[in-house]
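Chain and residue survey
Residue-level listing of the chains:
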Amino acid sequence: MSASAAIRQIEEIICKDLGRGIQAAAGHLTVGNLECAARSIADHSSPSVAIITGFFIVSGNPAAAETDGPPGAVHMAAAFVTMGIPCRIVTDQPCEGALRASLSAIGIEDKVFLDIVGLAHQSDYSSIEDVEAVWKTAKVTHAISIERCGPSKNGDPRSARGISLKDWTAPLDRLFVAGDWTQIAIGDGGNEIGMGALPHELIAENVTKGDEIACAVSCDFLILAGVSNWGGWALAAALGLLKPEHKLGILSRLNVETDNAVLQKLVDDGPSIDGIKGVQSYSVDNFEQSVHNQMLNDILKIVA
């Protein structure tokens, strides 16, 4: 099987509709984006990647970053490290603990730069402008957003329930569009950065509160997944298929055992919560880890 055919199979299985509605309605509009996104990195002469993630659930117990996003982000970052591609991750202060725990669990905390942006009242953290300057100095070529809430039509980032998150969410979408880097986005619900690549009416008609929560920020390549973490795994796997000399190195971390370790440390030390359950749980989007383990193994079978 060719690399293109394998990547297409991976794209098809990760775009599984788990009840949100957007995957079934819009999957046909994003066919081929996984390969295009991966090739834009693999074929670049000197790629440098910045990843945006972290979705803070203010209504959780405790209020914390959700378990979807950081695992997918650090798996992609591990692939970039393996390939020798400079990589940095940016989040905001409310999600800082989740990213530090995830990077530590996957063992790349000393190999990936972590940019932390403060909220409006937190002057002791970096500003959007500070990080933008750093990215441009680092010659970032690709910005990847995974499971990061973005502004809706009225400007506020909103949860799936329609709650405004503007007081707990730094406007990292401004970083996403600040440079001439290629913009890749991974999302699963309609309210994430990059979902503006889909027609607003499609999200409004197929997602609960879609008209209210749909993110207005578009991207070059939108990767739809049933769970955003799956999209992060898929991009890492696609890079292994396009760059077979790095495949074994990528697979050394892209496996069930490593992902389970990331989830455990993320929940325990982040702390982090299941975004749908609203409590600390070794689950993602209300699905137990066994469901995600099976998806990752299905991806790995195609890569192998």
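To start, this report covers the structure provided alongside it. Predicted, not measured: the structure shown is a model, and the values here were computed from it. (Residues numbered from 1 in each chain as written. Predicted model: local features only at pLDDT ≥ 70, side-chain atom pairs only at ≥ 80, totals over all residues. Heavy atoms only, no water.)

Points about the environment of Y282
In this structure, Y282 sits in the loop between strand 9 (272-273) and strand 10 (283-284). Each C-alpha atom of the pair Y282 and G84 lies 31 Å from the other, and the pair is 198 residues apart in sequence. Once residues lying within four places of it in the same chain are set aside, the contact partners of Y282 are L263, Q264, V267, D268, E288 and Q289. Here D268 takes part through its side chain, which lies 2.6 Å from a polar atom of the side chain of Y282. (Helix = DSSP H or I, 4+ residues; strand = E, 2+ residues; numbered from the N terminus. Contact = heavy atoms within 4.5 Å. Polar contact = N/O pair within 3.5 Å; in protein donor to acceptor, adjacent residues only side chain to side chain.)

Some points on helix 6 (residues 128-137)
Those residues of helix 6 that sit buried are I128, V131 and W135. On an axial view of helix 6, the arc spanned by its buried residues comes to 70°, and they lie on one face. Among the structural elements, strand 1 (49-53), strand 4 (87-92), strand 5 (113-117), strand 6 (142-146) and helix 7 (173-176) are those in contact with the buried residues of helix 6. Of the residues trailing helix 6, K139 is marked for its positive phi of about 55°. (Buried < 20%, exposed > 50% of the residue type's maximum accessible area, 1.4 Å probe, protein only. Arc of directions from axis to C-beta.)

Quick look at the pairing of strand 7 (residues 182-187)
Most of strand 7 is tucked away: five of the six residues are buried. Here strand 6 pairs with strand 7 via five bridges, running parallel. Residue A143 lies in a different strand from strand 7, and its bridge partner there is Q183. (Pairing = 2+ DSSP bridges.)

Structural notes on the layout of surface pockets
Its volume calculated, the largest pocket comes out at about 480 Å³. In terms of lining, the largest pocket is formed by 25 residues, of which the most central are R20, S159, A160, R161 and I276. Of the residues contributing to the lining of the largest pocket, the split by class is 10 nonpolar, seven polar and eight charged. Here the second largest pocket defines a volume of roughly 330 Å³. Around the second largest pocket sit 25 residues that line it, and G118, A120, T169, A170 and P171 are the ones nearest its centre. A per-class count over the lining of the second largest pocket returns 11 nonpolar, nine polar and five charged. (1 Å grid on protein atoms, 1.4 Å probe; cavity = no way out; pocket = protein on both sides within 12 Å on 5 of 7 lines; lining within 4 Å. Points joined across faces, edges and corners; volume = space filled by probe spheres on them. Nonpolar A, V, L, I, M, F, W, Y, C, P; charged D, E, K, R; others polar.)

Topic: the pattern of salt bridges
This model, assessed by the stated rule, comprises 15 salt bridges. Between R88 and D115 there is a salt bridge whose closest N-O contact spans 2.8 Å. Highlighted residues: R88 in strand 4 and D115 in strand 5, separated in sequence by 27 residues. Accessibility classification places R88 together with D115 in one group, the buried group. For D92, the salt bridge goes to R148, with nearest N and O atoms at 2.6 Å. With D92 in strand 4 and R148 in the loop between strand 6 and helix 7, this residue pair connects regions lying 56 residues apart in the sequence. (Salt bridge = Lys/Arg side-chain N within 4 Å of Asp/Glu carboxyl O.)

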